[in-house]
Amino acid sequence: MTENPPPSETKAPARIHPMRAGLLCRCPNCGKGRLFSGFLKVVDRCGVCGFDYTRLNTGDGAAIFVMQIAGGLVVFTALFVEIAYSPPMWLHLVVFLPLVLGLSLGLMRPGKGVMIALQMRNRAGQARSDD
Ligand SMILES: [Zn+2]
């Protein structure tokens, strides 16, 4: 049985590099706790330091970057293969559709982790009318 860790509602920026924490899917505050409880479900609190993640919301930010990176890589690779080798269309579908799917799913979790870590580092938040 684990105890509830004391809440650490510190305003201090993240102590480890956000890219490292995000790519490893670890807590950007302590670098040890898990960041996700499911594939893309962020934990409510860090199991190690107790940092509250309920205030953070990256929205679709990670998905936009992942679509741009995966789409760009696959489209330009497919264009290069088409120009250089002119393979049949079915070969493009067999090779590049699974590739874009795998890249998108593989990059989504670390991409969201990096977005959360950068949001913590830069203290970014939702714009409100009273700001
Ligand atoms: Zn933590």
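For the structure itself, look to the data block above.
Procedures and definitions
Residues numbered from 1 in each chain as written. Predicted model: local features only at pLDDT ≥ 70, side-chain atom pairs only at ≥ 80, totals over all residues. Heavy atoms only, no water. Helix = DSSP H or I, 4+ residues; strand = E, 2+ residues; numbered from the N terminus. Buried < 20%, exposed > 50% of the residue type's maximum accessible area, 1.4 Å probe, protein only. Contact = heavy atoms within 4.5 Å. Areas by Shrake-Rupley, 256 points an atom, 1.4 Å probe, with all protein chains shown as cover. Axes fitted to C-alpha atoms, helices over the stretch in contact; angles between N-to-C directions. Parallel < 35°, antiparallel > 145°, perpendicular 65-115°, else oblique. Left-handed = near helix turned anticlockwise from the far one by under 90°. Nonpolar A, V, L, I, M, F, W, Y, C, P; charged D, E, K, R; others polar. Donors = N, O, S within 2.8 Å, 3.2 Å for Na, K, Ca; no water. Tetrahedral: all angles 85-135°; square planar, octahedral: opposite > 155°, others 65-115°. Phe/Tyr/Trp six-rings, centres within 6.5 Å; stacked < 30°, edge-to-face > 60°.

*Asks:* Can you walk me through the overall build of the protein chain in this structure?
*Replies:* Scanning the protein chain from N- to C-terminus turns up three helices and zero strands. Looking at the 131 residues of the protein chain, the share that counts as buried comes to 31%. Of all intrachain contacts in the protein chain linking residues separated by at least 6 positions in sequence, the fraction that spans at least 24 positions is 60%. Carbon and sulfur atoms make up 64% of the accessible area of the protein chain, which totals about 8,800 Å².

*Asks:* What is the right way to look at unusual backbone geometry in this model?
*Replies:* What is expected of a backbone is that most residues other than glycine have negative phi and most peptide bonds are trans. For C25, which is not glycine, the phi dihedral falls at a positive 55°. By the secondary structure assignment, C25 is in the loop between α1 (18–23) and α2 (61–85). Classification of C25 as buried rests on a relative accessible area of 12%. Despite not being glycine, S86 has its phi angle at roughly 45°, a positive value. Among the structural elements, S86 can be located in the loop between α2 and α3 (89–121).

*Asks:* Please clarify how the packing of α2 against α3 should be interpreted in this entry.
*Replies:* In the contact formed by α2 and α3, the axes pass within 8 Å of each other and the chain directions differ by 150°. Accordingly, the angle class assigned to the pair α2 and α3 is roughly antiparallel. Here α2 runs over α3; the crossing is right-handed. Classifying every residue of the contact of α2 with α3 by side-chain character gives 17 nonpolar, five polar and two charged.

*Asks:* Explain the coordination of the zinc ion to me, please; I cannot follow it from the model alone.
*Replies:* Angles between donor atoms at a metal ideally measure 109.5 degrees for a four-coordinate tetrahedral arrangement and either 90 or 180 degrees for a six-coordinate octahedral one. Every protein donor of the zinc ion is accounted for by C27 (SG), C30 (SG), C46 (SG) and C49 (SG), and the metal-donor separations fall at 2.2 to 2.3 Å. Coordination at the zinc ion is tetrahedral: its four donor atoms span angles of 107 to 114° at the metal. Summarised as a motif, the one-chain spacing of the donors to the zinc ion is C-x2-C-x15-C-x2-C.

*Asks:* Sorry if this is basic, but what is going on with the environment of M108 here?
*Replies:* Its location among the elements puts M108 in helix α3. Judged by its relative accessible area of 15%, M108 is buried. A C-alpha to C-alpha distance of 8.0 Å links M108 and L40, two positions 68 residues apart in sequence. In this structure M108 touches L40, A62, A63 and V66, once residues within four positions along its chain are discounted.

*Asks:* Help me understand the packing of aromatic side chains, please; the structure alone is not making it clear to me.
*Replies:* The description of an aromatic ring pair uses the distance of the two centres, along with the angle that the planes make with each other. With the rule as written, the count across this model stands at one aromatic pair. With centroids separated by 5.2 Å and ring planes inclined at 65°, the aromatic side chains of F51 and Y53 adopt a geometry described as edge-to-face. In this structure F51 comes out as buried when scored by relative accessible area, which is 5%.

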